[in-house]
Amino acid sequence: MDIIKHIAIIMDGNGRWAERRGLLRTFGHNEGVNSLRCTLEHAGKLGIKYLTVFAFSTENWKRSTEEVNALMKLFKLYLKNEEKNLMEKNVKFLVSGSKIGVPEDLLERIEHLKKVTANNTGIVFNVAFNYGGRSEIIDAVNLILKENRENIENTKKEITEEEFSKYLYNDLPYPELLIRTSGEFRISNFLLWQIAYSEIYICDTLWPDFSEKDLDDAIASYNQRDRRFGGI
Ligand code: IPE
Ligand code: IPE
Ligand code: MG
């Protein structure tokens, strides 16, 4: 069994967590930040090299203005408040996603946190924000087309899978394990290219209740899998 280097998580179920308590959905998002902090720390201790989490999808703009604004505000607060913690834990911070539609001050904070953590050598923490798997692929294709326009002497006629992956938002090793919380059996436009051969683990736990034990269970399940990659 391959050792897990990269875990990707669809952090789902914040809204239901809050609704079940008669609270506004945004309480669930606030609470989800604690699970995230705890999961990142635990993954780091387990020696996982990369953690990618789905925080906001290109489709999540369809939600109410109040909820979208609350999510933007929460991420901004996270970027501001977590700097010290990420530095202490030696975490390298990255974001995968489109910049289109993201408020300027948020983009600035993202750049700042990426810059200050760039030389950290611990776990790479990649937040998928304003992320869509299809947009990521289309953005990569458009980058290649742009390069071709700007370099007419030496245009690309063909491209390999390996070359293509260099044009994705972040060129990280593909996740061995994909976790989705809250019992939904779908991908919701997450990492379409990268999860071609990921092992999928779905648990009923709602994201705000996700604990170290849930992460351990997911890894234990992964360790039981027989990964064949099309072979026998
Ligand atoms: C996941 O929780 C967080 C985001 C999508 C931002 P949801 O907000 O989707 O929670 P549910 O699925 O409605 O319970
Ligand atoms: C996926 O969850 C996006 C994030 C976790 C950020 P959604 O709750 O948006 O997905 P659907 O709507 O259930 O497919
Ligand atoms: Mg959801």
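Just above sits the structure.
Residues numbered from 1 in each chain as written. Chains lettered and ligands numbered in written order. Predicted model: local features only at pLDDT ≥ 70, side-chain atom pairs only at ≥ 80, totals over all residues. Heavy atoms only, no water.

1. What about the site of ligand 2?
And step 1. What surrounds ligand 2 is the set I10, M11, D12, F54, A55, F56, N60, R63, R180, R186 and S188.
And step 2. R63 has a polar side-chain atom sitting 3.3 Å from an oxygen atom of ligand 2.
And step 3. A distance of 2.8 Å separates an oxygen atom of ligand 2 from a polar atom in the side chain of R186.
And step 4. Burial of ligand 2 by the surrounding chains reaches 78%, relative to a free accessible area of 390 Å².
And step 5. When atoms are counted within 2 Å of each cavity's grid points, the one that captures over half of ligand 2 is the largest pocket. (Near = heavy atom within 4 Å. Polar contact = N/O pair within 3.5 Å; in protein donor to acceptor, adjacent residues only side chain to side chain. Areas by Shrake-Rupley, 256 points an atom, 1.4 Å probe, with all protein chains shown as cover. 1 Å grid on protein atoms, 1.4 Å probe; cavity = no way out; pocket = protein on both sides within 12 Å on 5 of 7 lines; lining within 4 Å. Sits in = over half its atoms within 2 Å of the grid points.)

2. Side note on the sheet that holds strand β3 (residues 92-96)
And step 1. With respect to topology, 6 strands assemble into an open sheet ordered β3-β4-β2-β1-β5-β6, the strand pairing being parallel. Of all strands in the sheet, those with a lone pairing partner are β3 and β6 (199-202), marking the two edges. Shown here is a sheet whose adjacent strand axes are inclined to one another by a mean of 20°, direction ignored.
And step 2. Sheet analysis places strand β5 (residues 177-180) next to β6, joined by 4 bridges and oriented parallel. From the neighbouring strand, L177 faces β6, where its bridge partner is E199.
And step 3. Where helix α8 (residues 212-224) meets the sheet, it contacts β1 (6-10), β5 and β6, and its direction lies at approximately 135° from that of β5. (Pairing = 2+ DSSP bridges. Helix = DSSP H or I, 4+ residues; strand = E, 2+ residues; numbered from the N terminus. Axes fitted to C-alpha atoms, helices over the stretch in contact; angles between N-to-C directions. Contact = heavy atoms within 4.5 Å.)

3. Side note on the layout of surface pockets
And step 1. When its volume is computed, the largest pocket comes out at roughly 670 Å³.
And step 2. The wall of the largest pocket is formed by 31 residues, among which M11, F54, A55, F56 and N60 lie closest to the centre.
And step 3. Put simply, the parts of the chain that give the lining of the largest pocket at least two residues each are α1 (14-19), α2 (25-45), β2 (50-57), α3 (65-81) and β4 (124-131).
And step 4. Looking at which element gives the most residues to the lining of the largest pocket, the answer is α2, with 5 residues.
And step 5. The residue makeup of the lining of the largest pocket, split by class, is 14 nonpolar, 9 polar and 8 charged.
And step 6. Counted as a void, the second largest pocket has a volume near 320 Å³.
And step 7. Lining the second largest pocket are 20 residues, and of these V95, G97, S98, K99 and Y169 lie nearest its centre. (Points joined across faces, edges and corners; volume = space filled by probe spheres on them. Nonpolar A, V, L, I, M, F, W, Y, C, P; charged D, E, K, R; others polar.)

In short, shape yes, function no, at least from these values alone.
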